[in-house]
Structures are given as C-alpha cells and as structure tokens.
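This is what each chain is made of:
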Amino acid sequence: MGAGLAGALLATLLARKGWQVDVLEKRGDPRVQGYGGGRSINLALAERGREALRQADADDAVMRHAVMMRGRMVHFADGRQQLQRYGRDDSEVIWSIHRGDLNISLLDLAQRAGAGLHFHQRLDGVDFPACEARFIDGLTGATQVHRFSSLVGADGAGSALRAAMGAQVDMGERSEFLDHSYKELEIPPGEEGGFRIEPNALHIWPRGRYMCIALPNDEHTFTVTVFLPNHGEPSFASVRTGAHARALFERDFADTVALIPALEADWERNPPGVLGTLYLDRWHLGGQAVLLGDAAHAMVPFHGQGMNCAFEDCVALARALEDHPDRHTAFAAFQAQRQPNALAIQHMALENYLEMRDRVDDADFLLQRELEQLLEQRHPGRFVPHYSMVSFMRVPYATALARSEIQRAILVQATAGKDSIDQVDLALVDARVLAGLDVLVDAP
Ligand SMILES: Cc1cc2nc3c(=O)[nH]c(=O)nc-3n(C[C@H](O)[C@H](O)[C@H](O)COP(=O)(O)OP(=O)(O)OC[C@H]3O[C@@H](n4cnc5c(N)ncnc54)[C@H](O)[C@@H]3O)c2cc1C
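Residues numbered from 1 in each chain as written. Predicted model: local features only at pLDDT ≥ 70, side-chain atom pairs only at ≥ 80, totals over all residues. Heavy atoms only, no water.

Some thoughts on the site of the ligand
As a reminder, the rule being used: Whether a residue is near a molecule or strand depends on its heavy atoms: it is near if one of them lies within 4 Å of it. Two N or O atoms form a polar contact when they lie within 3.5 Å of each other; inside protein one atom must be a possible hydrogen donor and the other a possible acceptor, and for residues adjacent in sequence the pair counts only when both atoms belong to side chains. Residue burial considers only the protein chains on display, and all accessible areas are found by Shrake-Rupley using a 1.4 Å probe. Helix and strand definitions follow DSSP, with helices as H or I runs of at least four residues and strands as E runs of at least two, each counted in order from the N terminus.
In the vicinity of the ligand there are 29 residues, among which Ala6, Glu25, Ala44, Arg99 and Asp294 approach most closely. Note that a nitrogen atom of the ligand is positioned 3.1 Å from one of the backbone N or O atoms of glycine 304. When the free accessible area of the ligand is taken as 1,000 Å², the share hidden by the protein chains comes to 92%. Secondary-structure elements contributing two or more residues to the shell around the ligand are helix 1 (5-16), strand 2 (42-45), strand 8 (121-127) and helix 10 (306-323).

What to know about the packing of helix 11 (residues 327-359) against helix 14 (residues 397-415)
Heads up, the rule is: Lines fitted to C-alpha atoms define the axes here, with helix axes fitted over just the stretch in contact, and angles between the N-to-C directions of these axes take values from 0 to 180 degrees. Convention used here: angles under 35 degrees read as roughly parallel, angles over 145 as roughly antiparallel, angles from 65 to 115 as roughly perpendicular, and any remaining angle as oblique. By definition, residues are in contact when any of their heavy atoms lie within 4.5 Å.
One can describe the packing of helix 11 onto helix 14 by two numbers: an axis separation of 7 Å at closest approach and a directional angle of 45°. Taken as axis vectors, helix 11 and helix 14 run oblique relative to one another. Across from Arg338, Pro340, Asn341, Ala344, Ile345, His347, Met348 and Glu351 in helix 11, the residues of helix 14 making contact are Tyr397, Ala398, Ala400, Leu401, Glu405 and Arg408.

Re the sheet that holds strand 18 (residues 289-291)
Put simply, the rule is: Paired strands, as defined in this entry, are two strands with at least two bridges between them according to DSSP.
Spatially, 3 strands are ordered 11-18-17 in an open sheet, and the strand pairing comes out mixed. A strand with exactly one partner marks an edge of an open sheet, and here the two such strands are strand 11 (151-153) and strand 17 (284-285). Judged from the 2 bridges that link them, strand 17 and strand 18 form a sheet pairing that is antiparallel. Counterpart to leucine 285 in the pairing with strand 18 is alanine 289.

A few points about the pattern of salt bridges
For clarity, the threshold we go by: We define a salt bridge as a side-chain nitrogen of Lys or Arg found within 4 Å of a carboxyl oxygen belonging to Asp or Glu. Only protein chains enter the calculation, and the probe is 1.4 Å; a residue is then buried if its accessible area is under 20% of its type maximum, exposed if over 50%, and partly exposed in between.
With the rule as written, the count across this model stands at 30 salt bridges. The salt bridge involving arginine 80 is made with aspartate 78; its shortest N-O contact spans 3.1 Å. For arginine 80, a relative accessible area of 47% puts it in the partly exposed group. Here arginine 147 ties to glutamate 132 by a salt bridge, and the two come within 4.0 Å at their closest N and O atoms. Here arginine 147, found in strand 10 (residues 143-147), pairs with glutamate 132, found in strand 9 (residues 132-137); they are 15 residues apart in sequence, far enough to count as distant.

Points about the sheet that holds strand 5 (residues 81-85)
Strands sit in the order 5-4-13-14-15-12-16 across an open sheet of 7 strands; the sheet is mixed. With partners counted over all chains shown, the strands left at the sheet margins are strand 5 and strand 16 (273-280), one partner each. When strand polarity is set aside, the average angle formed by the axes of neighbouring strands in this sheet is 25°. As judged from the 8 bridges shared by strand 12 (residues 173-187) and strand 15 (residues 222-229), these two strands associate in the antiparallel manner. Residue tyrosine 182 lies in a different strand from strand 15, and its bridge partner there is phenylalanine 227. Against the sheet, helix 12 (residues 363-378) makes contact with strand 4 (71-75) and strand 5, and its axis sits at roughly 35° relative to strand 5, the strand it touches most.

Observations concerning the packing of helix 12 against helix 14
Rule in force here: The handedness criterion is simple: a crossing whose near helix is rotated anticlockwise from the far helix by less than a right angle is left-handed, and one whose near helix is rotated clockwise is right-handed.
Their axes nearest at 10 Å, the elements helix 12 and helix 14 cross at an angle of 120°. One element, helix 12, and the other, helix 14, form an angle in the oblique class. Between helix 12 and helix 14 lies a crossing of right-handed hand. Of the residues in helix 14, those in contact with Leu367, Gln368, Leu371, Glu372 and Leu375 of helix 12 are Leu411, Val412, Ala414 and Thr415.

Quick word on the side chain of histidine 297
With respect to the helices and strands, histidine 297 occurs in helix 9 (residues 294-297). Among the polar contacts listed, one links the side chain of histidine 297 to the side chain of aspartate 313, at a separation of 2.6 Å. Other than its neighbours up to four places away in sequence, histidine 297 contacts Leu278, Trp283, Cys309, Asp313, Ala342 and Gln346.

Re the side chain of aspartate 137
Put simply, the rule is: The sign given to each residue is positive for Lys and Arg and negative for Asp and Glu; His and the chain ends receive no count.
Note that aspartate 137 resides in strand 9. Notably, aspartate 137 is buried but unbridged: the nearest opposite-charge side chain belongs to arginine 122, and the N-O separation is 9.9 Å. A polar contact is formed between the side chain of aspartate 137 and the backbone nitrogen of leucine 139, at a distance of 2.7 Å. Look past the residues within four positions of aspartate 137 in its chain and what remains in contact with it is His120, Gln121, Ala142 and Gln144.

Some remarks on the nonpolar core
Applied cut-off: What we call a nonpolar core is a set of buried Ala, Val, Leu, Ile, Met, Phe, Trp, Tyr and Cys residues that are connected through their side-chain atoms within 4.5 Å.
Leu9, Leu102, Leu106, Phe128, Leu151, Leu161 and Phe311 are the most contacted members of the largest nonpolar core, which has 71 residues in total. Considering every element that reaches this core, the biggest residue donor is helix 10, with 10 residues. Once you skip the residues sitting within four places of it in the chain, leucine 161 turns out to touch Met1, Leu123, Val126, Phe128, Leu151, Val152, Gly153, Asp155, Ala289, Val290 and Leu291. Ranked by size, the runner-up nonpolar core spans 22 residues in total, among them Phe222, Phe236, Val239 and Leu263.

A word on the environment of leucine 13
Positionally, leucine 13 belongs in helix 1. Residue class for leucine 13 comes out buried when judged on its relative accessible area of 6%. For the pair leucine 13 and phenylalanine 227, spaced 214 residues apart in sequence, the C-alpha to C-alpha distance is 35 Å. Aside from chain neighbours lying at most four places away, what touches leucine 13 is Gln55, Ala56, Cys314, Val315 and Ala318.

These results come straight from atomic positions and should not be treated as a statement about function.
Here you go:
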C-alpha cells in the first residue's frame with residue numbers, strides 16, 4: 001500500500017529478489033501528471049538512506065539531483081552567519097534531494113524490477129479472514145476488491161492499512177502532536193540564475209521558540225520551512241495574513257525578506273502542516289500484514305531521518321523475508337529489530353528541535369561542540385559525535401542514542417562554568433571517555 005518513498009524502494013528490493021509485488025497508490029502517477037506534493041518539498045538524505053538506495057542500485061540516479069550540505073549555516077539575529085560543519089570534511093556531509101524527483105526515480109526502478117504499479121487506488125478497507133482488500137478508484141469512484149497473500153503498509157502517517165489492522169486487534173497506537181506546525185516558502189534563483197545564498201549548507205535562523213530553515217534544490221532554488229508554535233506570539237494563530245508574515249520576517253528574519261519575493265502569497269496559499277510522533281506497539285498482524293516507514297513510526301522532522309529510517313526499514317524487511325521460512329516469523333523478526341531503533345530516532349528527533357531552534361547559537365553549546373570535535377580527534381572511533389553516528393554511520397539508532405547520552409553527560413560536566421576550551425581538564429575527560437565508551441564498530 002502506497003507508492004511513496006518507502007513503498008517504491010521496497011517494491012524494487014522485493015521484486016529483484018523474485019517476489020511478486022503489486023503497489024497500490026491513492027494518487028496519480030507523478031511521472032505522468034507531475035508530482036502532487038504532499039509533505040516537504042525537499043529532504044536531507046544521509047548515509048543510512050544512501051546505503052539502502054545502493055542496495056537497490058538507485059544511488060547514482062538519485063545523487064545526480066542531490067545538492068551537498070556540509071553543515072548548518074547559522075544566521076544569527078544580528079545578521080552574522082556561521083557555518084557549523086556537520087563532519088570532519090566533505091566525506092561527512094548530507095544531501096538535499098527533491099522529494100518528487102526521488103519518488104519518480106524510485107518508481108522507474110520498481111517498474112523495471114517487475115513490480116506492478118497501480119495508481120488512483122485508495123485502500124478503503126480490508127477483510128482479513130477472506131484475504132481481500134478493497135480499493136476506491138480515484139478517477140471513476142468505482143470499488144475494486146483484490147485478493148492478497150500479505151499486505152505491506154507503506155501508506156504513510158495516516159495509514160489506512162494501520163486503521164484496518166486496528167479494527168482487528170489493539171495496535172497500542174498513540175500519537176503525540178507537537179504544539180508547533182510548519183509552512184513552506186521559496187527562495188527563487190538570483191537574476192543570473194544562480195543560488196541566492198550559499199548552496200552547500202542547511203541554513204538555520206534560530207530564534208528561541210521558533211525558527212526557519214532552508215534547503216537547496218538543484219534548480220538553484222531553496223525551500224524555506226518556517227516552524228512556529230500554534231498559539232501565542234508569534235504563532236500560526238497570530239501570524240495569519242501575508243502582511244503579518246512580512247512584519248514577522250522584517251523583525252526576526254530580516255536577511256531573508258529580500259530573498260522571498262512571494263512571501264505574502266506563499267504564506268496565504270500554503271496551509272500549516274502538523275508535526276507529530278506516532279507510537280505503535282504492534283507493527284504486524286500475523287503473516288497477513290505489516291507496517292513500515294511513517295505508517296509504523298512517523299516522527300518529527302528535526303533530525304532529517306524519517307525517510308532515512310524508512311529506507312533502512314525496507315532493507316530490513318526484505319532481508320527478514322529472505323531469512324525466515326514464513327511471513328509471520330519474518331514480520332515478527334522485522335518488528336523486533338526495527339522497533340527499538342524507531343523509538344530511539346523518534347526521541348532524538350524531538351530533542352533536536354530544541355537544539356536547532358534554541359541551542360545552536362548559544363555559547364555553552366558552541367563550547368560543547370568544540371570539545372566534542374577535540375575528543376573525536378583524541379579518541380578516534382571511540383568518541384564519535386552524536387550527529388555523526390546518526391547521519392554518517394549505520395550503527396543502530398538505539399546504540400547511537402545510548403552512546404550520545406553518555407557523551408553528552410561528559411561534555412556538559414567538563415564545560416560547566418567554563419568559557420573556553422583551555423579551562424577544560426582534558427586528563428579527567430580522557431579518563432571518563434576511556435571508562436565509559438568502547439570502540440564503536442559501524443554496521444556491516
Ligand atoms: C516537513 C517535513 C520535513 C521532512 N524532512 C525530512 C528529511 O529532511 N529527511 C528525512 O529523512 N525525512 C524527512 N521527513 C520525513 C519523511 O517525509 C517521511 O519519513 C517519509 O516520507 C516516509 O516515507 P513513507 O513512504 O513511509 O510515507 P510517505 O512518503 O508519506 O508515502 C506514503 C504514500 O502512501 C500513499 N497513501 C496514503 N494513503 C493511502 C491509501 N489509503 N491507499 C493507497 N495509498 C495511500 C500516499 O499518497 C503516499 O504516496 C520530513 C517530513 C516532513 C513533514
């Protein structure tokens with residue numbers, strides 16, 4: 001169910017292994033009618049996602065349209081800018097990709113691998129005892145019933161398959177919505193057709209309780225995402241009109257005003273998108289149905305890992321189906337492997353919101369970051385920065401979280417009350433690192 005990012009990649013992986021796969025998608029074919037949008041316009045692709053794409057031989061096609069992002073370009077309230085590198089050098093970067101281009105590349109691959117793609121087919125209900133799924137044709141309104149042997153739900157955060165499974169058993173489902181939403185705006189190319197601001201960075205305008213970010217697109221535009229509270233001042237409740245938005249930007253994001261010519265129109269046209277985390281105790285119904293990607297564990301976007309995690313799910317599910325003799329066991333093994341990791345990245349994504357909007361311009365945060373980089377040099381492979389474990393490695397997210405918590409305690413303790421790295425007792429910190437952390441080996 002669903003020919004979005006995870007559905008298209010999983011179909012490719014499974015069809016290549018000889019499974020008979022049919023993908024049913026409620027929207028039209030984006031290759032015929034253009035990409036219909038939906039969630040964010042562009043996404044940050046990191047090593048986990050790239051490795052999954054390599055497994056499907058999709059990496060080359062996708063990377064042709066990717067723009068490298070070396071780090072965060074922080075835009076301070078006083079107009080200063082500072083590039084905070086994500087990694088040590090250009091081998092440790094993330095990539096901005098256009099959701100529509102990525103989806104189209106993956107659909108082409110799925111089709112070439114032999115998967116059947118069926119558009120305008122919205123899953124409407126499932127009769128599990130009869131092994132029949134019911135779809136509504138978006139063009140004709142007609143109902144169609146398909147027999148199935150197993151259903152895979154890659155139908156996103158509002159999954160209809162999850163709802164159908166939940167009508168059979170208690171899935172232990174709960175959603176926690178953030179009291180913040182987002183809206184997208186655009187920085188068009190400059191007069192000469194080039195990028196208007198530094199292309200190889202993820203731009204952030206942190207302003208405490210709210211922020212803007214901007215990711216580059218390969219047609220030399222940037223997609224700006226504004227994150228604001230739903231209530232209070234400023235918020236989506238108080239900044240309602242284009243004129244209100246202009247006033248907010250002139251006050252708090254002054255260096256962007258000249259870059260977003262359609263600010264008022266974009267603001268009034270694009271509705272705010274909600275942000276939330278979906279927790280689910282059960283990801284599968286015996287061997288009949290299983291969920292993955294956002295359908296199983298939607299998360300807030302602040303670590304840029306929702307798609308990367310969904311792509312890791314695809315590889316794990318394809319492998320579980322190969323390794324286990326029956327689907328019930330395969331789906332159970334898939335859930336056992338992925339659920340603790342999904343929980344870990346959901347937690348880290350929530351934490352990262354605070355860091356991005358409120359911490360990246362703080363002196364104590366910058367000192368901790370400086371010490372983190374120093375400890376990475378002093379203890380290579382043992383003290384690996386949090387961001388690197390999540391974005392440049394494929395160690396399980398749960399391992400990254402556990403180690404990050406130990407590391408953060410070391411950094412906070414060592415820098416408390418200090419204003420420069422010279423004041424830090426490095427011998428003591430070294431001893432703590434050696435006692436608390438073993439050498440980290442990446443996933444094979
Ligand atoms: C603002 C924002 C920014 C983000 N930035 C990043 C980022 O930088 N990096 C990152 O890794 N992740 C990011 N994410 C997360 C990422 O978008 C999701 O994790 C990813 O899209 C999940 O893929 P999916 O295939 O599970 O779901 P989706 O991409 O949502 O695909 C679901 C598909 O199912 C279809 N569908 C839905 N219902 C039905 C139905 N009833 N019948 C048939 N088909 C159906 C939909 O039309 C869609 O095509 C971001 C998310 C948001 C909201």
